[in-house]
Structure formats: structure tokens, C-alpha cells
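Listed below are the residues making up each chain.
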Amino acid sequence: MTWADAGRLLCLTLIASGLVPVLAAVYQYLLLPMHAIFNHWGKVEPYLPRVVVLVPAWNEADVLDASLTRLMGLEYPPDRLKVFVVDDASTDRTPEVVQGLAARYPGRIVHLRREKGGEGKAHTLNHGIRIALADDWMEAMLIMDADVVYRPDSLRRMTRHLSDPKVGAVTAYIKEGSAKPGPVARFIGYEYITAQAAARRSQNVLGALACLAGGAQLHSRHNLVAVGGGINTTTLAEDTYTTMLTELQGRKVVFEPTAVVLAEEPDSVAALWKQRLRWARGNVQITRAFRRTWFRPYRTHGLGSLSFGLIWFSVLLLPIALTLATAGILGLFLFDESFAAQVFSGLWWVGAGVYLFITLSTLFIDLPTARRTWFEGFMFPGIGTLVVMSAAWVPDLYTERIPGLFGGEVNETGQWWMTLVLYSWAVIAMSIARALPWIEKRRGGRRVAIPLLYLVGFGPVLCAISVDSFVKEWQGAAQTWDKTEKSGKVVG
Amino acid sequence: MSEGGVTDETHEAHESDPVRRPAGPPDDLERPEWWATLSDDALRDETRANRRAEWWVLATGLLAMAITVALLLWWGEPG
């Protein structure tokens with residue numbers, strides 16, 4: 001083997017690493033339809049336990065009235081539902097709002113005030129969990145966020161799964177529910193179909209759920225006690241930690257796709273970055289905390305299975321895989337331009353097929369959300385990536401055909417640079433994405449940042465946030481709980 | 001209406017009666033209204049309806065795959 005052959009082989013290996021997350025995504029979407037057959041509904045019975053709803057609240061005066069009033073309207077026996085609002089030393093009108101609601105619904109809404117706040121959501125939740133567990137009235141606990149709105153039938157659709165003693169916890173389908181979502185919120189609306197309605201159904205089939213949604217996690221009392229009677233306070237992803245602990249102890253966690261919960265999501269890139277950086281850092285911490293779990297199959301849970309590990313690490317390491325694949329194709333380009341062009345074309349042919357299959361599957365499974373977000377669905381990888389796909393499909397499209405329409409042509413140097421940009425687009429998109437929050441904060445910056453968001457795509461923004469989370473964790477940056485600002489624009 | 005404390009015996013009873021079918025809603029109620037009455041029959045019917053509706057996910061998965069293959073064939077190979 002010559003040095004050139006070894007170089008080619010190395011480049012192809014790097015490129016193959018970029019295919020792993022793509023194949024993992026396809027695998028999840030092939031599992032998804034299997035949920036029609038392999039689901040938990042066959043094992044449930046009507047079951048309406050006494051539920052304590054725990055609502056952590058720090059300066060949530062704007063949103064609590066709507067969310068708590070909707071809770072009081074749940075189609076659930078009123079004598080089996082109590083709401084504990086844990087007010088984390090709020091400095092706004094939260095105490096007055098909650099006390100007003102407690103007076104309107106005596107005995108059903110309880111105001112719990114922490115005089116010392118600011119320690120983070122897990123500490124706030126633990127305050128309420130301790131109080132609820134001290135009394136044997138509670139049979140199950142629903143942990144939610146202050147701003148989310150539960151559909152009237154949602155809670156009973158969740159509790160029925162607890163009729164199976166093997167189930168420890170249940171989560172619902174959180175949907176973006178703003179009355180008039182802006183571009184970022186619409187991207188999130190589409191993303192939630194992929195990340196929840198689709199991915200969590202697949203995880204139900206696999207028998208291993210990655211995460212109970214923070215805004216909708218129902219635990220049996222037994223499960224809460226078994227995981228230590230509280231929530232882990234050392235990680236930024238306390239909901240994922242509890243999920244995995246539950247499964248490691250041999251109890252099932254189930255996603256209920258028909259229990260719908262509406263949430264207000266960030267509508268600026270900066271707010272999105274803040275929220276997702278916390279989540280991404282939390283996932284890095286979880287990966288470390290459960291390092292002895294990955295790729296070690298075990299009879300009582302699916303977290304150690306090869307397939308679940310592949311899915312988990314494909315999401316976590318996606319930006320690294322894309323960067324390695326970019327390095328591989330650029331390396332190949334230096335060794336052998338025509339071979340690089342063939343590989344590039346083949347890769348993006350696969351990419352185009354996967355893009356179409358995943359986008360269509362996603363839009364079909366939640367048509368009401370699809371009507372609001374279909375454009376963002378098709379723009380999810382970004383206009384730039386769609387251009388790259390088209391260039392892979394028709395190699396001379398941008399060098400000859402389009403310039404030819406205007407009677408022009410691109411010279412050799414121009415073609416070389418264009419090829420370089422096309423081959424490196426994944427990394428270029430992540431780099432532009434990294435600058436978006438900064439651009440948005442400048443005066444008039446939103447008018448530039450939003451078109452750029454459509455250019456680079458939402459996916460690359462999430463990848464850039466992952467990279468930021470690796471850097472922050474490596475630097476040991478302060479672990480602060482940055483609350484996402486909510487204004488109460490969710491509609492039921 | 002089932003309260004808390006479901007036992008293993010409850011499960012065994014239903015496992016031995018797998019073909020049990022809940023009655024339909026009264027004439028004056030739509031199905032979702034009937035489910036909201038929270039009677040055992042209504043809740044069982046709701047679960048069965050949710051389970052049945054899930055076949056939509058299988059159908060759409062196959063449809064998405066068919067459309068993708070058709071479009072790729074229509075466009076042809078790269079080049």
C-alpha cells in the first residue's frame with residue numbers, strides 16, 4: 001500500500017464516520033412505524049391515582065394563572081388532584097397570583113414558599129417532593145413547568161400506564177403552542193415532532209427512553225422513593241438523570257404520544273442558545289455520569305444496548321462526526337479530485353434520500369403542527385445544505401448551467417473555490433451559526449440573523465450549540481440555571 | 001372508576017379475558033365526551049381508540065418511504 005492509498009483510506013474512514021449519525025437517524029425512523037405494533041397500550045387498565053402536580057416557579061406571575069387554571073379543568077377526578085406550586089423566592093407577583101388561585105380552588109392549589117431561592121430547579125423540586133412524600137395521600141407525582149398547558153385528557157392518558165406495576169414513569173408529547181410563533185419557535189415546533197413524537201415512539205419500541213420531558217414527567221410514588229426521594233442536583237439535565245436512574249433500576253419509562261402538553265418556546269436565537277446550551281451541557285454530564293452503562297447490554301433495561309448507544313452518541317457527537325467527514329472529503333479532494341467528486345456525489349445522494357424520508361415522515365405524524373411548521377421542516381438543514389445537495393446531484397449546476405443562463409462561466413480558480421466551499425459547508429454552517437446570537441443582539445441584528453438562520457439551518461445551529469457545550473464543560477464553566485423567559489402566549 | 005392501588009390480581013383477571021370489549025357511548029354523547037366521564041368502560045374505549053389510531057404512524061411511514069423512493073427514481077442518479 002502506498003502513502004497515497006493509505007491517505008485515501010484514512011479519508012474514506014473519516015467520511016464514513018459522518019455516515020454513522022445519518023444511519024442512526026434512519027434506523028430510528030424505521031423503528032417509528034413499529035410503534036403501531038410494539039406499544040404499551042395493550043398492558044394498561046383504567047387507573048386514576050391520587051396525583052400531586054409539582055410546579056416549580058421562579059418569577060412566573062405572567063404564566064401561572066393560565067397553566068394552573070387549565071390544570072383545574074383537567075378531565076380528572078378533582079378529589080384526586082392537588083397542585084403544589086413551589087415558589088423559589090420569587091421577586092415578582094408570583095406569591096400573590098398563586099395565593100389568589102389557592103383561594104379560588106381551596107385545598108386543590110397549595111402555595112409552598114422557599115425563602116432562599118436561586119439554587120436551581122432540582123432544589124426547588126426537591127422541596128416539594130419532600131413535602132408530598134411526607135404524607136401518604138399521594139400515589140403519583142406529575143412534575144411540570146410553570147408555563148405549560150395540559151390538554152384536558154392528557155393526565156388520565158398518562159396515569160393509565162402506571163396501572164402496569166413495571167412502569168416507573170411516563171412522559172407526554174410536548175408541543176410548541178404559541179398563538180403566533182415566530183421563525184425560531186416554528187423551527188422548534190418542527191424539531192419537537194422529530195425529537196418527541198418520532199424519536200420517543202422509536203425509543204418506546206426499543207424499550208429505552210432517553211428522557212422524560214421536564215415539563216411532563218409522571219412518576220409513581222414507588223419510583224420517586226426508589227430513585228432516592230428526590231431529584232439529582234449535580235447535573236443540568238436532572239430530568240434525564242431521573243429517567244436513566246429509573247430504567248437502570250429495572251422500571252420502565254413510557255412515552256404517551258396522545259397526552260399533549262403545550263409549551264411556549266424561545267423565539268430568538270439568543271434565548272434558544274441559552275436554553276439548549278444548558279440541555280447540551282446536561283447531556284455531556286449525563287454521558288459521563290452513566291459511563292458504565294453505554295454499550296453494555298443488560299437484561300432489565302435497554303440503555304446499554306448497541307442500538308440505544310448508537311442513537312445517544314450519534315446525537316451527542318454529531319458535530320464531531322460532521323467535522324471529521326468534512327476533513328475526509330477535503331483530504332480526498334487534495335489526493336484525487338475526481339474520486340472526491342464521485343464520493344461527494346454519492347454521499348449527498350444518500351443525504352437527499354434521508355432528508356426526504358425523514359422530513360415527510362415527520363410532517364405526516366403530526367399534521368396540525370405540520371401545517372404551522374412545514375416550511376421550517378424543509379428548511380431544517382438550511383438553504384446552504386439544499387444547495388450542496390443539488391450540486392451533488394447535478395455537478396455542473398453552479399459552475400456551468402446557471403452561469404450559462406446569464407451568458408457567463410466560472411473559471412478554473414472559481415470552480416476550485418466553489419468546490420471547496422461546497423465540500424466544507426457543514427463546518428462553514430456551524431461557524432456562521434456560532435455567530436448568530438451575537439449578530440442578533442446588535443441593533444437591527446434580528447433582520448440579519450433570521451435570514452442567516454434559514455441559510456445555515458436549524459440543525460447546524462443545534463450542532464454549534466453542542467460544540468459550545470463541549471467547550472464549556474471542558475473549561476469547567478460555572479453551572480448556572482439560566483431560566484428561559486416566558487410571557488404566557490401559549491394557547492390551548 | 002379505578003382508583004389507586006392496582007394489584008397483580010387485577011392484571012391477571014384482564015389477561016384471562018383478552019377479548020373483553022367495552023360498551024359504546026350513550027346516544028347523547030360523542031366519544032370524547034364519554035371518555036371524559038372517566039367510567040372504566042369509557043377509559044378502556046379511549047385506550048383502544050388511541051391504539052387503533054396508531055396504525056396511522058405505520059401507514060405514514062410506508063407512505064413517506066414510497067414517496068421518497070418515487071422521487072429519487074424520478075430524479076434519477078446524480079450526474
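This report concerns the structure included in the present document.

A positive phi angle is found at N59 of chain A, which is not glycine, with a value near 50°. Here N59 of chain A is to be found in the loop between β1 (51-57) and α2 (61-72). Residue L38 of chain B is not a glycine yet carries a positive backbone phi of 65°. Its location among the elements puts L38 of chain B in the loop between α2 (31-35) and α3 (40-53). Owing to 17 C-beta atoms within 10 Å, L38 of chain B belongs among the partly exposed residues under this scheme.

The nonpolar side chains of a soluble globular protein tend to be buried, and buried together. Membership of the largest hydrophobic core comes to 147 residues, with the highest contact counts inside it found for V53, L54, V55, M141 and V261 of chain A. Excluding anything up to four places from it in sequence, L54 of chain A contacts F84, V86, L125, G128, I129, A132, M141, L142 and I143 of chain A.

Residue and element names in this part refer to chain A. Relative orientation of the contacting elements helix α8 (residues 238-248) and helix α9 (residues 269-289) amounts to 30°, with a least axis distance of 9 Å. Taken together, α8 and α9 sit at an angle that is classed as roughly parallel. Taken as a pair, α8 and α9 cross one another with a handedness that is right-handed. Along the contact surface, α8 presents T240, Y241 and M244, while α9 presents G282, N283, I286 and A289. Partitioning the contact of α8 with α9 into residue classes produces four nonpolar, three polar and no charged.

Here we come to the pairing of strand β2 (residues 81-88) of chain A. Residues and elements named next belong to chain A. Counting buried residues along β2, eight of its eight residues qualify, which places the element largely inside the surrounding structure. Residues L81, V83, V85 and D87 point to one face of β2 and K82, F84, V86 and D88 to the other, with burial holding for every one of them. When β1 meets β2, the two strands line up parallel, connected through seven bridges. Each bridged residue has a counterpart across the sheet, and for V53 the counterpart in β2 is V83. The β-α-β motif built from β1, the intervening α2 and the parallel element β2 has right-handed crossover chirality. Pairing geometry for β2 and strand β3 (residues 109-114), over six bridges, is parallel. Paired with V85 across the bridge in β3 is H111. Read as a crossover between parallel neighbours, the route from β2 over helix α3 (residues 94-104) to β3 is right-handed.

What counts, and at which threshold
- Residues numbered from 1 in each chain as written.
- Chains lettered and ligands numbered in written order.
- Predicted model: local features only at pLDDT ≥ 70, side-chain atom pairs only at ≥ 80, totals over all residues.
- Helix = DSSP H or I, 4+ residues; strand = E, 2+ residues; numbered from the N terminus.
- Buried ≥ 20, exposed ≤ 12 C-beta atoms within 10 Å, placed from the backbone.
- Core = buried A, V, L, I, M, F, W, Y, C linked by C-beta atoms within 7 Å.
- Contact = placed C-beta atoms within 7 Å.
- Axes fitted to C-alpha atoms, helices over the stretch in contact; angles between N-to-C directions.
- Parallel < 35°, antiparallel > 145°, perpendicular 65-115°, else oblique.
- Left-handed = near helix turned anticlockwise from the far one by under 90°.
- Nonpolar A, V, L, I, M, F, W, Y, C, P; charged D, E, K, R; others polar.
- Pairing = 2+ DSSP bridges.
- Right-handed = clockwise from strand over helix to strand, strands pointing away.

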